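Each chain, letter by letter, is given below.
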Amino acid sequence: MIIRTAARRRAAATAATACALAVALTACSGTTKDSAEKDTTNAGTAAKADPNAPLKKGLKLAFLPKQINNPYEKIVDEAGIAAAEEYGATGKEVGPSDASASSQVSYINTLIQQRQDAILIAANDPNAVCGPLKQAMKKDIKVVAYDSDTAKDCRQLFINQASSEEIGRSLVQHLGEQIGYQGKIAILSATQNATNQNTWIEFMKDELKLPKYKNMQLVKVAYGDDADQKSFQQTQGLLQAYPDLKGIISPTTVGIAAAARYLGDSSYKGKVVLNGLGTPNQMRKYVKDGTVEQFSLWNPEELGYLGSYAAAALASGQITGAEGEKFKAGKLGEYTIGKDGEIILGEPTVFNKQNIDKFDF
Ligand code: RAM
């Protein structure tokens, strides 16, 4: 928590500097709301931000998660919807029941017809949703990716839960320590197309190239599709194929919970190390019974809250998506837009037996 606050302060300082520089270029000076609203594309367009514009009342926000029956996505979206109520807007969640590449397309088309003010999307595929999202932006519907990004020109902002590099590398670092930097390891991911998991896996593979991991061997990346049963079966399959497996990293809350359930009831309990990204409420049981020693996550409520405020700031003309612009995200304080329209929530937390009961999400 302390780190997160410090990170935010750093971000604010960067924003102040960026804004001071930008004043000369008028990006931080007052412009009319109309000019800001004409921005229908990504950062770097002619539209100007009006940092003093009030958040518009009555905005309509739609959250489109990877899939609606994912407990993690539910926490994020519910927090975003609650935040919208805070500033006089309404929010809703719609979405597919599976996380396949194009399952979100028809939902985007419907949201465009409904003339929502902003669509917030956790993309199942960086490109499959791009065409419809561009249509939305053309109609002046703001598009904010959160959790899992689209290609950069298909949205105006990406709300990233933490630095992707830090997430990927730290998971390998933690597992390495736990298994004494020795033995076969596997990754149990979500879907093959998921932008967030794939980005993290790239950083994991890069981290594994360092000399200290020379005795650790990544034998397989398995995909549970963020479906509980498939993730369970994939874990079983991994252990059948590699009975001498030393560790599994599952960078998905659905995957890690299913893998923990499999390990917890098997002879591998306490022998195969499972690490990754999970929610404390889903993982508490497995931490307490010794199946899992530690895992990480950020606060998903804060992710939804930040996404909601960012979408409202965009739809109100306070920001356009350009690097260096800043806005106030309610109780979370000030945030700054980074390169390529990315906004980073903060630092992940590591959960273990000592601290897990302090968290309830
Ligand atoms: C799952 C989803 C989501 C990811 C979390 C960690 O719930 O795949 O996209 O961010 O895990």
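Up top is the structure these notes are about.
In this text the structure is predicted, and so the values were computed from the model without any measurement.

So, on to the site of the ligand. In the vicinity of the ligand lie 14 residues, with Lys66, Asp147, Asn196, Asp226 and Thr253 positioned nearest. Take Asn196: an N or O atom from its side chain is 2.9 Å from an oxygen atom of the ligand. A distance of 2.9 Å separates an oxygen atom of the ligand from a polar atom in the side chain of Gln197. Coverage of the ligand by the protein amounts to 100% of the 290 Å² it exposes when considered alone. When atom positions are compared with the pocket grids, the ligand is found to occupy the largest cavity. In terms of residue count, helix α7 (residues 195-207) provides more of the shell around the ligand than any other element does, 3 residues in total. Taken together, the residues that form the shell around the ligand break down as 4 nonpolar, 6 polar and 4 charged. Summarising the domain contributions, the shell around the ligand has at least three residues from each of domain 1 (6-162 + 299-346) and domain 2 (164-297).

With that settled, consider the sheet that holds strand β1 (residues 60-64). In spatial order, the strands read β2-β1-β3-β4-β5-β13; together these 6 strands make up an open sheet with parallel pairing. Lying at the two open borders of the sheet, with one neighbouring strand each, are β2 (90-93) and β13 (342-344). Across this sheet, the average inter-strand angle for adjacent strands is 20°, counted without regard to direction. Both strand β3 (residues 118-121) and strand β4 (residues 142-146) contribute to a ladder of 4 bridges, which runs parallel. Along β4, the bridge assignment pairs Ile121 with Ala145. Each of β1, β3, β4, β5 (157-160) and β13 is contacted by helix α11 (residues 300-315), which is oriented at about 160° to β5, the strand it contacts most.

Quick notes on the rules
Residues numbered from 1 in each chain as written. Predicted model: local features only at pLDDT ≥ 70, side-chain atom pairs only at ≥ 80, totals over all residues. Heavy atoms only, no water. Near = heavy atom within 4 Å. Polar contact = N/O pair within 3.5 Å; in protein donor to acceptor, adjacent residues only side chain to side chain. Areas by Shrake-Rupley, 256 points an atom, 1.4 Å probe, with all protein chains shown as cover. 1 Å grid on protein atoms, 1.4 Å probe; cavity = no way out; pocket = protein on both sides within 12 Å on 5 of 7 lines; lining within 4 Å. Sits in = over half its atoms within 2 Å of the grid points. Helix = DSSP H or I, 4+ residues; strand = E, 2+ residues; numbered from the N terminus. Nonpolar A, V, L, I, M, F, W, Y, C, P; charged D, E, K, R; others polar. Domains from an automatic or database assignment. Pairing = 2+ DSSP bridges. Axes fitted to C-alpha atoms, helices over the stretch in contact; angles between N-to-C directions. Contact = heavy atoms within 4.5 Å.

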